Structure formats: C-alpha cells, structure tokens
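# Fold and geometry: a report
Given next are the chains, with one letter for each unit.
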Amino acid sequence: MYESKHIKEITNRIFRQLNCKRLDVGTNLVGIDYRLNKVNLLLDMGSNDIRMIGIYGVGGIGKTTISKVIYNKLSPEFECMSFLENIGEISKTKPGLGLHLLKNQLCDDIQDGDRGATMIKKKVFIVLDDVDHLEQLERLLGNGGWLGEGSRVIITTRNKHLLTVQGVDGMYEVPELKFEEAKELFNLYAFKQNVPNLGFVYLSCSMIYYCQGLPIALKVLGSLLFSKTISEWKSELHKLEREPEMEIHNVLKRSYDGLNDTEKDILLDVACFFGDEDKDSVSRILDGCTFYAKIGLKKLTDMCLITISNNNIRMHDLIRQMARKIVRKDYKWSRLWDPRDIDSALSTNEGIHATETLSLDLRQFNRVCFDPNVLAKMTKLRLLKVRSITFSFFREDHFGRFPYFYRGDPNDEPCDKIKENASTMKLGTDFEFPSELRYICWDGYLLESLPSNFDGKNLIELQLRCSNIKQLWHGNKYLERLKVIDMSYSKKLIQMPEFSSMSNLKQLILKGCVSLIEIHPSIGVLKKLITLDLRLCVKLKGLPSSIINLKALVVLDLSGCSTFDKFPEIQGNMRSLKELYLDMTAIRELPNGIDLESVEILDLKFCSEFEKFPENVGNMKSLKKLCLKNTAVKDLPDSIGDLECLEDLDLSYCSKFEKFPENVGNMKRLRWLWLKNTAVKDLSDSIGDLECLGDLDLSDCSKFEKFPEKVGNKKFKEASFKKYC
C-alpha cells in the first residue's frame, strides 16, 4: 500500500514537471542566488503549513524575476500552480474587467479549467505579481480558506504596507545590486562579456554609478549603448544628467502614480529641495506646509521611494531624476533647483507666481542679478534655500562639539568662503521676502537685518548662518509658528530680539556669534525650548536668571564661551535638562544649591580655573558622564560614590588631583575611569566592587604607588594593571 502511494506521488511529480509551464526569466541573472536563498528561507518548504510571503521593492529592482525563477523551480512540488503577472497594470488598464479576467485565469489554473467546480483544498503554489491595491488580493485570494496544507503564495509589490495589512508570514525587500554585481550585469549587456572593451572602462563605471544598482537601468542603458562609439557614450552620459531614459522613467513613475496629491507633493519636495537631510527637520518643515509628514514619509518608505538611514532621508538618484522630470513636464517652475532654470525664471519672471520651492547654490553662478522684488512676486513660495558652500562645511568633528572648519579663535575664521560666494548675489534696499515662507535657509545673508516689512507669520524655521546680521529685525513680529532659529557664526550679531512672540520655539542655535554679549531676559517665556546652543560665544559672560524657567530644555551648550564665568543657580525647575556643556569656559565653580537631578552629561573639561565640585553631587542621580579633564580640581566629594548611573568619569590631566574617594562601591555602572596624568597615589579597595569597570587609565601617573590588594574582580585587576601601569 505504501509502495503504491509512493509510486503514485513520483508519477504525479514527473507528470507535473513535464506539463508545468516554465516562465521566461531571460539570461544574465546576476546576483540571483543570494536573493533566492533569502526568499526560500521565508517559504520554508519543509513545513506543511500554509505560508504567504511578500517580495517588495522599487520598480525595476527584480521582484518579478526572482518570483519567476522560484516558480519554475518549485512548481513541480505542488498539485496546482498559477502565476498572475502585472496585476496592477491589468487592473488599471481594464477597470473591473481586468480583475475578473485574472480571477478566471486563477480558477482555470487551480481547477484544471473547470470554472463551475467548487474550489476544493489543494496544495497550490500561487504568485500574485505587481499587486498595488488590497482589493486585488481580496478578489483573488478571498480569505484563503480554500488553500490546502503546504500551499505557498508569493505576492510581489512596490508597497510594503499592503503586505503588512494582508498579514503575510514574511517579507523580503529586494536590495540594489552591489557594485561588482552591477558591473557584471552592465558589461554583459553593453559588451556581451564580463569586462568592458578597451577605452570604455571609465565610461562604463560612470554609467554603473549612474544606475546605482538598479537592474532595469543597467539592462536598458547597457543594451542602448551596445556597439556605440566613445563619443556616443559621452553624449548619452551628458544627456542623462538632465533627461532620464524613458523606459526607466516609466517603470519608476508607476510608483509615483500610486500616491495621493499630498504624498506626491512630499516626494517632489524631497527630490527637488531637501536632498539627504535629517528626517525630523524635514518632517517639521513639511508639517508646517500641512503635508502630514509622518504618514506621508511612511508611505514613501513603504513604496520604496525613499529610505531612512541614521534618521536621514535618502532617495535613489534615478527616483530623484524621475520626480524632477515630472516637475519640469507637469509643474513647470513649481520647484526650482537647476541653475539654468533658475536663471531663466528669475531673469524673465516667467511663471514665478507658481514657484513653491527655490534651492539656489551660489557656487554655480558667477553673479546673480535679478529684480530685488522677484522673491516677493513668488507669492506661493514655501521653501527657500540659498547655499554658498556644501552642507558638510558645517559638519562637526567626531567629538560632535565643533565644525571641521573651526580652528581656535572663531574671529580668525570661519565664513570667508561663504561670504565670498554669497556676495555674488546683490540685494537692494527694497528687497522683500514673500509671506507664505515656511523655511528660510540663507548662508552668508548680506544685509544687517531682515527687511523692515518682514512677515514671518507662517515661518517654521529660520537659518541665517555666517550672515551679516547685527539685529534680526526691528520692532515686534508675530512668529508664533517659528520653531527653529539658527544664526551660527553670524559674527556681527550683537543681540537677539525679544522672545515673547516666539512661544513655540524649540531650538535656538547661536554658536559662533562672537559679538553676542547677552541673551534677552525674555528667554524665560520659551516654555517649549529644547535646545539652546551658545557654543563659542566668546563675549557672553552670563545667562539671565530667567533661564531657570525653561522647563522643556534638554540641551544647554556653552562650550568655548571663554568669558562665561558664572552659572545661574538652578533649583528644581529645569527637570528636563539632560546635557550641560560648560567646557572651555571661565567658570570656577557650580553653585552649591544647584539642582541637576535630571542631567545625564556634565562636561567641564578644560575649565582651567574650575577647582571645586559641589558637595551635593549625590543629587545628580541621573548622571552618566562626568568630564573634568584638565581642570584644577584637587579632590571629589565622598558623595560621588552614590552616583549609581555614572558610566564615564574623566579626570585626565587634572595635575592637582591627588586622592580618589574611598567609598565608590555603589557606582555599579562605571565602565570608564580616566586618571591619566594625575597626582593620584593609590586607589581604595572599593574599586574592586566596580564589576562593570573595563577601562582604568592610570598612565603617566608618576606618583602612583600601589594597586589595591582587595580587588574582587581579579580579571579586571590583572588586565588594568598590565595595560596602564
């Protein structure tokens, strides 16, 4: 009986192999094995459960090819099989009828052509390719109750969220080809071999870089350039800088067509204005445009039109080019970024009434001449960016404290290049900003204040870094929507205006404002302020007492304020403060009554006159990092041992520091203890109770005599002693 059943299964399998319709997958399947293995793991063919998995990714990434290869390989394992291709396109071109035809095809495949038969449970293998609406799955699969044990369903889509709603058992996002894979695939189409022809190496690499691992682009452009001359290759490369290949464009544009109007606006803004920028910043600005950024960016991510990496929004260059072509074709001048388009629009005033975003890179112009009122005529302008140098110019060093361009005294540096580039744009005395602006970023802004008639009622963010501003504006302004002010390295800024009209301000960044003498006392009204950055304000001597009213403040940075010598007494109000940077200031002490209960980082390094740490250090129960490097401290209060959250304690180069506290056994989380170049002679036995301590630096401690005898963690003692002493 068993042998008869087994023979029947083998016979059926052979019959299915002979009769199974094999799908054309083409040739040159570069990188396919890795992707097949990932999908096979999700299919889990050893299980007898019913499994439904999704394959998703941007158009042209290879979803259909992968599913076809798997279908050809696994179909003989099933009683019935069906591959429904281009479901989204068929549904769109044949509304209503398309899904009906696809359903009939599925029934024919599963029921061997007998549409009148009731769907009975069989072990089936179904691929639903290019699904773009949940309705398509509902019509084709229903509740899936008719699927028999061991059945497998693969859904390919550009929309990850659709798979989440369907409740699939696993999802696989198809990645872009790695460079070596992309190079091989491109060469196979462009040269019919694995390596480029002599003289084409640089050109082929340029094309591969342009395609950025997208298989369809590599195939289309490789085929297009086959047997072409070097001059023809160069011409094609030059054309692609502005005009995408239509076959690639049309594939990518289908994802754009699946968005609603607001989502399309977000995509076009990201493609034409924002670039690879911080997601939180972009979201804040887009929300100010009533674009509902959180759900909109999530949709673009689900559709694989953008990715989020390290909280930065990233977009494939071909998707960016697709979006920009749409703007040029369907929304001319609505978004300006290309120097040629900008020059044409601003010099002729053609169509500027429709302009919503303007991104102007002054490095690409020898001189910018236009009617000073041209911006005011852009009545729909929401976003304005005038850049004079690369964004990375403001990138901070690996300590996160100062930009790369800063070297010592900020008066000696830093914005000469920005000012030089910014001077190519001449502004008249009657210059105006349009009132619909939500975002202004203008590096090296030349005027000494904003226009007298400046209307910032809709403004969300104002960035005027390295500007000539002395006073932001005169008189009172209504700025209730304003959330960010960044005046970094505006060396002429003397004072900030009164803050009472900015009650929603969350970030105030004034680093490098070397002429700033004081902060207006009205700063205390900023109940929502989260970040106050005053780094390198070298003439700032103190803060107003109203600072204690900043209940939402998380980061207070006074690094490098070399004349700042007295910190206000904080008593219980600033319970949100987590990071306090006072390094390189003239501060001598912290008030004994200071309440830093919520602070996690306290940085006092290079405060050469700081001598005594407050006795009530035990109140700093949230403190994780305390840096006293290169200060004049001689000792620490015994209460330092009560800091149970402390992970990093740095006393390096405190040449007067002689005695480490006796009882530190409660500092259970301490991982780093830096005592390099101090006058410490010994350590107490309680140091051995610090089980997490992994780095103890006693190098260059010339007076150090002995390591404690009673050390509970012998391994730690041996490692530390050998390494540092």
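Residues numbered from 1 in each chain as written. Predicted model: local features only at pLDDT ≥ 70, side-chain atom pairs only at ≥ 80, totals over all residues. Heavy atoms only, no water.

## Focus on the overall build of the protein
Within the protein, the secondary structure is distributed over 20 helices and 22 strands. Within the protein, residue pairs in contact and separated by at least 24 positions form 56% of the contacts whose partners lie at least 6 positions apart. (Helix = DSSP H or I, 4+ residues; strand = E, 2+ residues; numbered from the N terminus. Contact = heavy atoms within 4.5 Å.)

## Here we look at the sheet that holds strand S2 (residues 80-84)
One open sheet accounts for five strands, arranged S2-S3-S4-S1-S5; its pairing is parallel. Each of the sheet's edge strands pairs with one partner strand only, and the pair in question is S2 and strand S5 (170-173). Pairs of neighbouring strands in the sheet enclose a mean axial angle of 15°, with direction left out of account. Bridge count between strand S1 (residues 51-56) and strand S4 (residues 152-157): six bridges; the pairing is parallel. When the bridges of S4 are listed, Arg51 appears paired with Arg152. Its contacts with the sheet put helix H2 (residues 32-43) on S1, S4 and S5, and the angle it makes with S5 is roughly 170°. Contacts from helix H6 (residues 134-141) reach S1, S2, strand S3 (124-131) and S4, with the element oriented near 155° to S3. (Pairing = 2+ DSSP bridges. Axes fitted to C-alpha atoms, helices over the stretch in contact; angles between N-to-C directions.)

## Looking at helix H15 (residues 293-302)
Residues of H15 that are buried include every one of Ala293, Gly296, Leu297, Lys299, Leu300 and Asp302, and no others. Residues of H15 that are buried make contact with helix H7 (160-166), helix H13 (261-274), helix H14 (279-288) and strand S7 (312-314). One or two steps after H15, the chain reaches Cys304, where phi turns positive at roughly 60°. (Buried < 20%, exposed > 50% of the residue type's maximum accessible area, 1.4 Å probe, protein only.)

## Some details on the environment of Val282
Within the secondary structure layout, Val282 lies in helix H14. In the structure, Val282 is positioned 31 residues away from Ile313 in sequence and 8.5 Å away in space, judged by C-alpha atoms. Leave out the neighbours within four places in its chain, and Val282 touches Phe274, Glu277 and Ile313.

## What to know about the nonpolar core
Counting residues in each nonpolar core, the largest one holds 108 residues, and the members touching the most others are Trp442, Phe567 and Leu602. Among the elements of the structure, helix H17 (339-348), strand S9 (357-361), helix H18 (374-377), strand S10 (383-387) and strand S11 (439-442) are those that each provide at least two residues to this core. Looking at which element gives the most residues to this core, the answer is H17, with three residues. Residues within four places of Trp442 in sequence aside, it is in contact with Leu375, Leu384, Val386, Met425, Leu427, Phe431, Phe433, Gln463, Leu464 and Arg465. In terms of nonpolar packing, the next biggest core, distinct from the first, is built from 107 residues, Val168, Tyr256, Ile313 and Cys441 among them. (Core = buried A, V, L, I, M, F, W, Y, C linked by side-chain atoms within 4.5 Å.)

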